[in-house]
Amino acid sequence: MVETFVQSTDDVVAFLVGQHNLIKDMFDDVLSASKTEAREEAFVALRQLLAVHETAEEMVVHPRARREIDDGDAVVEARLAEERDAKEQLAQLEELDIGSQEFLDALTLFRDAVVSHADREEAEEFNRLQHELEADDLKRMAAAVQAAQAIAPTRPHPGVESAKLNFVVGPFASMLDRARDVISSALR
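Residues numbered from 1 in each chain as written. Predicted model: local features only at pLDDT ≥ 70, side-chain atom pairs only at ≥ 80, totals over all residues. Heavy atoms only, no water.

Trainee: Hey, could you run me through helix α5 (residues 135-151) in this one?
Mentor: Each α-helix winds once per 3.6 residues, and so residues spaced three or four apart point in a common direction. When the terminal C-alpha atoms of α5 are compared, their 25 Å separation across 17 residues agrees well with the 24 Å that a helix rising 1.5 Å per residue should span. Every buried residue of α5 is listed here: D137, L138, M141, A142, V145, A148 and Q149. Down the axis of α5, the sector holding all buried residues measures 140°, keeping them to one side. Seen from the buried face of α5, the exposed residues on the opposite side, beyond 90 degrees, are D136, R140 and I151. (Helix = DSSP H or I, 4+ residues; strand = E, 2+ residues; numbered from the N terminus. Expected span 1.5 Å × (residues − 1). Buried < 20%, exposed > 50% of the residue type's maximum accessible area, 1.4 Å probe, protein only. Arc of directions from axis to C-beta.)

Now the structure itself:
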């Protein structure tokens, strides 16, 4: 099961910023792991959270930002391009030997890109949504994000960044990803 716990679930912005902070901590866990098994376990948890987090943003937050904030289309398109790149990088990381220096170097570059993306998302999208929407809307969006995360794929799927594609492809990808996760865990 993907751990998505954060302190606030009453405001979508607080919820997602809390997850951004958790993701940053999880990168540190992967990079500081002294044994390959611990690094792999930490990386799998990070990969799963990144996958469900981005899927939920694509399904719930980005469509709302397009409608609610000035220049929303441009802001969202820039974030979607970053998310597509991140999914591609994450898929490439999965192919590397997790015990190698090559993995650590690639993960460090990936972390920097993810943190930069999160900072831009918070400044250009989340803060603006928080100012435009009422508290009840932010609370409903938090519930929608959590529901989306509960059924989201747990692995990166580059090219599936729109809400429509996530609704069409997501359930099938999620089912396959979660089956792969269970099988991989059993084989460890």
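Moving on from the model shown.
Trainee: I'm lost on unusual backbone geometry in this one. Help?
Mentor: Peptide bonds are trans in most cases, and residues, glycine excluded, mostly fall at negative phi. Residues other than glycine seldom take positive phi values, yet D71 does so here, at roughly 60°. As for its position among the elements, D71 is in the loop between α2 (36-68) and α3 (72-95).

Trainee: Any chance you could explain the pattern of salt bridges here in plain terms?
Mentor: A pair can form between side chains of opposite charge whenever their charged atoms are brought close. If you walk through the whole model with that rule in mind, you get 13 salt bridges. Across the salt bridge formed by R64 and D137, the nearest N and O atoms sit 3.4 Å from each other. Of this pair, R64 sits in helix α2 while D137 is found in helix α5, placing the two residues 73 residues apart along the sequence. Note on D137: relative accessible area 17%, which makes it buried. (Salt bridge = Lys/Arg side-chain N within 4 Å of Asp/Glu carboxyl O.)

Trainee: Would you mind going over the nonpolar core with me for this structure?
Mentor: A general feature of soluble globular proteins is that nonpolar side chains tend to end up buried together. Of all hydrophobic cores here, the largest spans 21 residues; its most connected members are V12, L16, V60, V61, L129, M141 and V145. Of all the secondary structure elements, the ones that give two or more residues to this core are α1 (12-32), α2, α3, α4 (101-132) and α5. Listed in part, the 19 residues of the second largest apolar core include M26, F43, I98 and L107. (Core = buried A, V, L, I, M, F, W, Y, C linked by side-chain atoms within 4.5 Å.)

What is shown is where atoms sit, not what they do.
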